[in-house]
Amino acid sequence: MASWPLFSNSTQARYFAAVVPFLNSARLLTYGLRLSTDEALVKSVTREGKPEELLRGPLYYVLVLLFTVLVFWRESPIGIVSLSMMSGGDGFADIVGRRYGSAKLPFNDKKSWIGSISMFISGFLLSAIMLFYFSSLGCIHVSWEEAFGKLALVALAATAVECIPVTDVVDDNISVPLATMLVAFLLFSSNTQ
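Being a predicted model, the structure only gives us computed values, none of them experimental.

Draft legend 1. Local environment of the overall build of the protein. A count of helical and extended segments in the protein gives eight helices and two strands. For the protein, the α and β elements follow one another from N to C terminus as α-α-α-α-α-β-β-α-α-α. Against the globule reference of 16 Å for 193 residues, the protein gives a C-alpha radius of gyration of 17 Å, in line with a compact fold. With the C-alpha coordinates of the protein rotated into their principal frame, the extents come out at 45 × 40 × 25 Å. Residue pairs in contact within the protein that sit at least 24 positions apart in sequence constitute 71% of those at least 6 positions apart. Accessible surface computed for the protein: about 10200 Å², of which carbon and sulfur atoms make up 66%.

This is the structure we're talking about:
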């Protein structure tokens with residue numbers, strides 16, 4: 001996402017940028033379906049070291065990235081905030097929660113208070129940083145008087161969705177960005193927040 005402002009203003013630029021997540025999707029499918037093997041990839045991206053794990057969280061992640069590039073591109077805070085919450089928020093929640101998350105949430109013993117708090121804070125901060133970055137390069141206009149409150153609501157919604165104990169039904173690499181997109185769409189209904 002940080003490279004998007006480097007692309008031209010051409011209408012085809014988003015499709016060129018979509019090549020990377022598309023190729024990553026194809027790579028994950030190839031190795032996840034065991035059409036070919038890459039032990040280094042499997043070990044680096046999965047939790048249990050099984051190739052079929054590539055067909056879940058990692059694949060969902062790059063498919064959401066592909067969708068966001070094609071639909072929102074760099075002209076919309078919705079895509080920027082959604083990817084920030086998915087990568088920064090959910091990513092930090094996992095890392096911090098696994099390391100320091102001894103105090104579990106009362107309604108979900110797979111999630112911790114510290115993981116959820118880190119998701120909210122890191123997702124909010126990364127979203128603000130990325131909005132600042134895109135606005136300073138002229139891709140979007142941000143009304144900062146309103147943006148921080150909206151970002152806090154989006155981060156709260158994404159954190160709440162990430163806490164819900166439904167990961168056996170819906171992977172959080174799908175639920176978090178979709179919830180974020182919905183709330184961000186409602187709050188950032190135009191490019192001029």
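Draft legend 2. Looking closely at the side chain of Ser-127. Within the fold, Ser-127 resides in helix 6 (residues 113-136). The class for Ser-127 is buried, based on a relative accessible area of 1%. Leaving out residues up to four positions away in the same chain, Ser-127 has contacts with Val-81, Ser-84, Met-85 and Leu-151.

Draft legend 3. Region of the structure containing the pattern of salt bridges. Summed over the entire model, instances satisfying the criterion amount to eight salt bridges. Across the pair Arg-34 and Glu-52 runs a salt bridge whose closest N-O atoms are separated by 2.7 Å. A residue pair is termed long-range when its members are at least 10 positions apart, and Arg-34 in the loop between helix 2 (19-32) and helix 3 (39-45) and Glu-52 in the loop between helix 3 and helix 4 (57-71) qualify at 18 residues. Given a relative accessible area of 52%, Arg-34 falls into the exposed group.

Draft legend 4. The environment of Asp-90, seen in detail. Here Asp-90 is to be found in helix 5 (residues 77-100). Put simply, Asp-90 and Ser-112 are 22 residues apart on the chain and 13 Å apart in space, counted from C-alpha to C-alpha. Excluding residues within four positions of it along the chain, Asp-90 makes contact with Met-85, Met-119, Glu-162, Asp-172 and Asn-173.

Draft legend 5. Examining helix 6 more closely. The end-to-end C-alpha separation of helix 6 is 34 Å, in line with the 34 Å expected for 24 residues at 1.5 Å each. Two residues or fewer after helix 6 comes Gly-138, characterised by a positive phi angle close to 80°.

Parameters and conventions
Residues numbered from 1 in each chain as written. Predicted model: local features only at pLDDT ≥ 70, side-chain atom pairs only at ≥ 80, totals over all residues. Heavy atoms only, no water. Helix = DSSP H or I, 4+ residues; strand = E, 2+ residues; numbered from the N terminus. Rg over C-alpha atoms; globule rule 2.2 N^0.38 Å. Contact = heavy atoms within 4.5 Å. Areas by Shrake-Rupley, 256 points an atom, 1.4 Å probe, with all protein chains shown as cover. Buried < 20%, exposed > 50% of the residue type's maximum accessible area, 1.4 Å probe, protein only. Salt bridge = Lys/Arg side-chain N within 4 Å of Asp/Glu carboxyl O. Expected span 1.5 Å × (residues − 1).

So, to be careful, I would describe these as geometric facts and stop short of saying anything about function.
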